[in-house]
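Tertiary structure, described
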Amino acid sequence: MHTASAAECLHNNIASEATTAKMHILVSSLLLLVRLVWSTAQEDDLRRLKHAQAEQKQLSAALDELRADLVHLRQRYGILFASTTVQRHKQAEWQRDTTARLESMAGERRLSTAISSHRRLSSGACVDPSGPQLAVDGVCSCTSGLLVEGRNLTKELDYLLRAIVPTASPLTSISTSAFAECRGNITFTEKWEFDTDYASDWEHFTVDNEEYLAVANSQKGSSLLAQSMIYHYNITAKKFDAYQVIDTMGAADWEHFTVDNDHYLAMANARNDTSWGPTVSVIYRFNNGTATFDEYQEVNITGAYDWEHLAVGNDHYLAVAKYRSGSSYQTPSVVYRFNHTSAKFEEYQEIDTIGAYDWESFTVDSVHYLAVANAYHPDQVKSVIYRFNNVTAKFEEHQKVESHSATGWEHFTVENDDYLAIANHVNGSHLTTTKSVIYHYNNATSKFDAHQEIDTKGAHDWEHFVVDNVHYLAVANYRFASSYQTKSVIYRFNNATAKFEEHQEIDTNGASDWEYFAVDNKLYLAIANYYGGTSSVYQATCD
């Protein structure tokens, strides 16, 4: 009995120890598994950490590369932006010449509606049998355009013209990142001052990417024989240097233009020291060998106050405004046409004017116009807009406009609307405090309607320009009462009201002319002061 109990006890002890051993093995296995899992997790975390560090290094390297690329791109942008500046005016001249040619090509193909007889040389040339004025072998000229084999070439030319010509002149429309930040809040501050002698006009122009600025000095002391100056922009010194001296007689106006890739400057010499008799005005041509202007053609004109160049197709015209002949202001002004055979300008058309002071050429819907500012009498004389007749190739009276001793016209466009601003010098009581008027083109009547009146003081000139799509008009106020020291004003266009509002005043002394231009990626306004012995150029800056 005792032996069996001992054996059973021993068996139980062995079984208990075996169970305990199994438990130790199980616990050890579990602990080993836990350690293994924990170790694996640690290794995964370490791998993730290493991977994240590698990605961070790659991102840092990519960021450094992007920063280097950004610096490089900024440098390239600066170089590109600087290089385009010197090309701007060359492109502007090309666009201006191309514009004139395209407008002429489109305009010349519109026959006058006065033609009523039809001449049919072939049948089936045009779709509308009542439309063509002339049909020849599949080509017909219609009042709505020129049709060739079913294509309206006039409309195609108009489309091309709209595509390449911006709403504002490229010479007056410059948008840079710097001025975009201005949001139209620009101010003009004096940059350079020039010694001038009764300055009447500034003219900026470009020849072979070189920038020039010419001033017309009307007299020296008591003599009308003076030296007018051409200045050249020094790209290194960042200023205009005196470049060429030209003797002038009562200089009133410079006009730069190109014909067959040759550059010309026409000087309007108003009178001599003794009388308002015939005085030689001169056309100069640029000499590529000497890089100076040589006298090219003399034109005997009495009382020349302004030249205006325009191109109609391949024909080039120069209109001269004749202010006075002897004691009479009622003297015809003359339009000259360039003879490509003789390479000279020849008298082409006389236009009756009274104290003509300024011509302004422009186009509306491919039609060429010339507007004359008649300055003789503040109440009895109107200024006149002439329209070019493509059939007769002559300018015909189109519209008379109320004016008061008008001294200048300025044409411009705002969002495809055409405007004409007239500078009225005095009112009916011969007071210089008067209203100058901005006219708006009426598409329904093809006439200009009064749009806005602006108070001016002996106004002599308007200048329109655009900065970052904001339109401005600057008026040159010549005199207030008996004082020539008065303020000229820059106005800014309000798109909401479609009116101009005063933007900035500038002190002037007998202001005769504004000239807006761009040089070396900077925007400038030059004022010609008739009195005071100096004229200034102002630079546009952000407020």
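Keep in mind that this is a model prediction, so the values were computed, not measured.

1. Focus on the side chain of Asn-217
Inspection of the secondary structure puts Asn-217 in strand S9 (residues 210–217). The exposure class of Asn-217 is buried, given its relative accessible area of 2%. Here the side chain of Asn-217 touches Asp-197 through a polar contact of 3.0 Å, landing on its backbone nitrogen. A distance of 2.9 Å separates a polar atom in the side chain of Asn-217 from the backbone oxygen of Gln-227.

2. A closer look at the confidence of the model for the chain
Summary statistics for the chain give a mean pLDDT of 82 and a share of 68% for residues scoring 70 or more. Low confidence marks residues 77–86, where pLDDT is under 50. Its contacts with residues over four positions away, or in another chain, come to 6 contacts. Predicted confidence for residues 108–133 stays below pLDDT 50, and this span has 52 contacts to residues more than four positions away or in other chains.

3. Here's the deal with the sheet that holds strand S18 (residues 333–339)
Read across the sheet, 4 strands follow the order S16-S17-S18-S19 without closing on themselves; strand pairing throughout is antiparallel. Edge strands, defined here as strands with exactly one partner in the open sheet, are strand S16 (304–312) and strand S19 (344–351). The sheet shows a mean angle of 25° between the axes of neighbouring strands, direction not considered. The pairing of strand S17 (residues 315–322) with S18 spans 4 bridges and is antiparallel. When the sheet's bridge partners are listed, Leu-318 is paired in S18 with Tyr-336.

4. So, the environment of Tyr-243
Relative to the helices and strands, Tyr-243 is located in strand S11 (residues 239–249). Distance in space between the C-alpha atoms of Tyr-243 and His-232 is 5.7 Å, their sequence separation being 11 residues. If sequence neighbours within four positions are ignored, Tyr-243 has contacts with Tyr-212, Ile-230, Tyr-231, His-232, Thr-290, Ala-291 and Thr-292. Within polar-contact distance, the side chain of Tyr-243 engages the backbone oxygen of Ala-291 at 2.6 Å.

5. Here we look at unusual backbone geometry
If a residue is not glycine, its phi is most likely negative; likewise, a peptide bond is most likely trans. Phi at Asn-209 takes a positive value of approximately 70°, unusual for a residue other than glycine. Mapped onto the secondary structure, Asn-209 falls in the loop between strand S8 (199–207) and S9. Phi angles above zero are rare outside glycine, and Ala-481 is one such case at about 60°. Within the secondary structure, Ala-481 is located in the loop between strand S29 (470–477) and strand S30 (485–494). On the basis of relative accessible area, Ala-481 is assigned to the partly exposed category, the value being 46%.

6. Description of the pairing of strand S28 (residues 459–467)
The element S28 is largely enclosed, with a buried count of 9 among its 9 residues. In this structure, S28 lies alongside S29, joined through 8 bridges in antiparallel fashion. The partner of Ala-459 across the bridge, within S29, is Asn-477. Between S28 and S29, which pair antiparallel in sequence order, lie 2 residues; one of them, Asp-468, sits at a positive phi of approximately 50°.

7. What to know about the packing of aromatic side chains
The final tally for this structure, using the stated rule, is 51 aromatic pairs. Each ring, one from Tyr-264 and one from Tyr-296, has its centre 5.6 Å from the other, and the planes form 65°; the classification is edge-to-face. You can see Tyr-264 sitting in strand S13 (residues 262–269) and its partner Tyr-296 sitting in strand S15 (residues 292–301), a full 32 residues away along the chain. Here Tyr-264 and Tyr-296 have matching classes, each one buried. Centre to centre, the rings of Tyr-419 and Phe-493 are 6.5 Å apart; their planes meet at 65°, and the pair counts as edge-to-face. Placement of the pair is Tyr-419 in strand S25 (residues 417–424) and Phe-493 in strand S30, with a sequence separation of 74 residues. Ring pairing ties together the aromatic residues Trp-276, Tyr-305, Tyr-323, Tyr-329, Tyr-357 and Tyr-376, which thus form one cluster. Over the face of the ring belonging to Tyr-348 we find Lys-394, whose NZ or CZ atom lies 5.0 Å from the ring centre.

8. Quick word on the sheet that holds strand S33 (residues 522–529)
Reading across from one edge, S7-S34-S33-S32 is the order of the 4 strands in this open sheet, with antiparallel pairing throughout. This sheet does not close on itself; its edge strands, each paired only once, are strand S7 (186–195) and strand S32 (511–519). Strand-to-strand twist across the sheet, computed as the mean angle between neighbouring axes with direction ignored, equals 25°. With 8 bridges joining them, S32 and S33 adopt antiparallel strand pairing. Of the residues in S33, the one forming a bridge with Val-519 is Lys-522.

9. Points about the nonpolar core
In terms of nonpolar packing, the biggest core is built from 21 residues, with Phe-188, Phe-465, Val-467, Ile-490 and Trp-514 touching the most fellow members. Elements supplying a minimum of two residues to this core: S7, S28, S29, S32, S33 and strand S34 (534–542). Those residues in contact with Ile-490 that sit more than four places away from it in its chain are Phe-188, Phe-465, Tyr-472, Leu-473, Ala-474, Glu-501, Glu-502, His-503, Gln-504, Ile-506 and Leu-525. By size, the runner-up hydrophobic cluster in this structure holds 17 residues, among which are Val-299, Leu-318, Tyr-336 and Phe-338.

10. Some details on the pattern of salt bridges
By the definition in use, this model includes 7 salt bridges. With its nearest N and O atoms 2.4 Å apart, the salt bridge here joins Lys-239 to Asp-241. With relative accessibility at 35%, the residue Lys-239 sits in the partly exposed group. The partner of Asp-507 in a salt bridge is Lys-487, with the nearest N and O atoms 2.6 Å apart. Of the two residues, Asp-507 is situated in strand S31 (residues 499–509) and Lys-487 in strand S30; the sequence distance between them amounts to 20 residues. Judged by relative accessible area, Asp-507 falls into the exposed class, the value being 55%. Given a relative accessible area of 37%, Lys-487 falls into the partly exposed group.

11. Some remarks on the side chain of Asn-509
Positionally, Asn-509 belongs in strand S31. With sequence-adjacent residues up to four places away left out, Asn-509 is seen in contact with Tyr-484, Gln-485, Asn-529, Tyr-530, Tyr-531 and Gly-532.

12. Here we look at the pairing of S32
Among the 9 residues in S32, 9 count as buried, and that is most of the element. In textbook terms, the turn of a hairpin is the stretch between consecutive antiparallel strands, and for S32 and S33 this stretch comprises 2 residues, one of which, Asp-520, has a positive phi near 55°.

About the thresholds
- One numbering rule holds for all chains: residues counted from 1, following each sequence as written.
- For this predicted model, a pLDDT threshold of at least 70 governs which residues receive local features, and a threshold of 80 or more governs which side-chain atom pairs are given and counted, while totals over whole chains, interfaces and linings are taken from all residues.
- No hydrogens and no water enter the side-chain calculation; it runs on all heavy atoms of the structure.
- A run of H or I in DSSP counts as a helix once it spans at least four residues, and a run of E counts as a strand once it spans at least two, with each numbered from the N terminus.
- Think of it in three bands: residues with accessible area under 20% of the maximum for their type are buried, residues over 50% are exposed, and the middle band is partly exposed, with areas taken using a 1.4 Å probe on protein chains only.
- For the purposes of these results, a polar contact is taken to be a pair of N or O atoms within 3.5 Å, where, inside protein, one atom must be able to donate a hydrogen and its partner to accept one; residues adjacent in sequence count only when each atom of the pair is a side-chain atom.
- Every residue is assigned a pLDDT by the predictor, reflecting its confidence on a scale from 0 to 100.
- Residue contacts are counted whenever heavy atoms from the two residues lie within 4.5 Å of one another.
- At least two DSSP bridges between two strands are needed for those strands to be called paired.
- Each axis is a line fitted through C-alpha atoms, and for a helix only the stretch in contact is used; angles between axes span 0 to 180 degrees, taken between their N-to-C directions.
- A pair of Phe, Tyr and Trp rings is counted when the ring centres sit within 6.5 Å of each other, with Trp represented by its six-membered ring. The angle between the planes then sorts it: under 30 degrees is stacked, over 60 is edge-to-face, the rest tilted.
- By definition, being over a ring means that NZ of Lys or CZ of Arg is both within 6 Å of the ring centre and within 35 degrees of the ring normal.
- What is meant by a nonpolar core is a set of buried Ala, Val, Leu, Ile, Met, Phe, Trp, Tyr and Cys residues, joined one to another through side-chain atoms within 4.5 Å.
- Throughout this description, the term salt bridge denotes a Lys or Arg side-chain nitrogen within 4 Å of a carboxyl oxygen of Asp or Glu.

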